[in-house]
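Commentary on secondary and tertiary structure
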Amino acid sequence: MNTSTPLVFKPSHLHRTMALLLCSGSWLVGARALASLWQEMPRLHSIIVEARSAGEDPWLAWLLMTLSIAAVLIGGLLLVASILGLLIIEGTQVLVDELCISVELAYLPGPLAHWLGAGRLPWRHVSAIRRSGPFFIIMGDGRNPEDSEIQTLDPIRFLMVDELERLVNLVIERSPNLSFKD
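What comes next is a walk through the structure. (Residues numbered from 1 in each chain as written. Predicted model: local features only at pLDDT ≥ 70, side-chain atom pairs only at ≥ 80, totals over all residues. Heavy atoms only, no water.)

1. Structural notes on the nonpolar core
Membership of the largest hydrophobic core comes to 17 residues, with the highest contact counts inside it found for Val94, Val96, Ile101, Val126, Ile138, Phe158 and Leu167. Ignoring anything within four residues of it in the chain, the contact list for valine 94 reads Leu7, Val8, Phe9, Ile101, Ser102, Val103, Phe158, Val161 and Leu167. Cys23, Leu86, Ala113 and Leu159 belong to the second largest nonpolar core, which has 13 residues in total. (Core = buried A, V, L, I, M, F, W, Y, C linked by side-chain atoms within 4.5 Å. Buried < 20%, exposed > 50% of the residue type's maximum accessible area, 1.4 Å probe, protein only. Contact = heavy atoms within 4.5 Å.)

Listed below in structure tokens is the structure:
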């Protein structure tokens, strides 16, 4: 393998298609739920007005309205997470060459991509490979042979790639400081 031609690992077309279908399906369901809430709001408002005019406490109607609005807000956060997941899967590239391993999240802004795990680690600094939640994490430390001081480097993360076994085997083969303790 030559340093001018790195190996590139990306999610397969099947992974990308499934992410697109899950994202679009969740948006269709979310839009339907929002339309249903929009239709029911006048009815809940009229129930509150009628209860007040009858001198009763409309606490149950207020509770239903509050819970409905909270459910829509939580659903909105989940929809934003589905778009973020789609962008992560679509833009992920893991590049492997003789010097380092790097993860690029192409469709995200730089600081957000770095926070989610984009970055570069030289092989001599790779210390562990783990799975945490949906992410595969490659940890690094900045061991310097002259010093006894160990500097922790930012880990790199990726969600999924095609030929994951081949990538893990490459990480195991090329990392001299890799440890498997938990």
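Resuming the write-up.
2. Quick word on the pattern of salt bridges
Evaluated as defined, the whole model comprises three salt bridges. Residues arginine 43 and glutamate 40 are paired through a salt bridge, measuring 2.8 Å at the closest nitrogen-oxygen approach. Highlighted residues: arginine 43 and glutamate 40, both in helix 1 (residues 13-53), separated by three residues, approximately one helical turn. Salt-bridge contacts for arginine 166 lead to glutamate 163; the nearest nitrogen and oxygen are separated by 3.1 Å. According to the relative accessible area criterion, glutamate 163 is partly exposed, its value standing at 42%. (Salt bridge = Lys/Arg side-chain N within 4 Å of Asp/Glu carboxyl O. Helix = DSSP H or I, 4+ residues; strand = E, 2+ residues; numbered from the N terminus.)

3. Focus on helix 4 (residues 164-174)
Residues of helix 4 that are buried: Leu167, Leu170 and Val171. Axial view of helix 4: buried residues confined to an arc of 100°, hence all on one face. Among the exposed residues of helix 4, those oriented more than 90 degrees off its buried face are Glu165 and Glu173. (Arc of directions from axis to C-beta.)

4. Examining a nonpolar patch on the surface
There is a patch of nonpolar side chains on the surface, built from Trp59, Leu60, Leu63, Leu64 and Leu67 and spanning about 520 Å² of accessible area. Within the secondary structure layout, tryptophan 59 lies in helix 2 (residues 59-91). (Patch = residues over 30% accessible without salt bridge, like charges linked within 9 Å, V, L, I, M, F, W, Y side chains within 5 Å. Areas by Shrake-Rupley, 256 points an atom, 1.4 Å probe, with all protein chains shown as cover.)

5. Observations concerning the packing of aromatic side chains
One pair of aromatic rings is described through two measures. These are the centre distance and the angle between the planes. Enumeration over the complete set of coordinates arrives at one aromatic pair. When the centroid spacing of 5.6 Å and the interplanar angle of 20° are considered together, the rings of phenylalanine 136 and phenylalanine 158 count as stacked. You can see phenylalanine 136 sitting in strand 6 (residues 135-141) and its partner phenylalanine 158 sitting in strand 7 (residues 152-158), a full 22 residues away along the chain. In this structure, phenylalanine 136 and phenylalanine 158 share a single accessibility class: buried. (Phe/Tyr/Trp six-rings, centres within 6.5 Å; stacked < 30°, edge-to-face > 60°.)

6. Quick look at the sheet that holds strand 2 (residues 92-96)
Across the sheet, which stays open at both edges, the four strands sit in the order 1-2-3-4 with antiparallel pairing between neighbours. Looking along the sheet, the strands with just one partner apiece sit at the ends: strand 1 (7-9) and strand 4 (119-122). The mean angle between the axes of side-by-side strands here comes to 15°, regardless of whether they run parallel or antiparallel. Strands strand 2 and strand 3 (100-105) of the sheet are contacted by helix 2, whose axis makes an angle of about 35° with strand 2. Taken strand by strand, helix 4 contacts strand 1, strand 2 and strand 3, and its axis lies near 130° from that of strand 1. (Pairing = 2+ DSSP bridges. Axes fitted to C-alpha atoms, helices over the stretch in contact; angles between N-to-C directions.)

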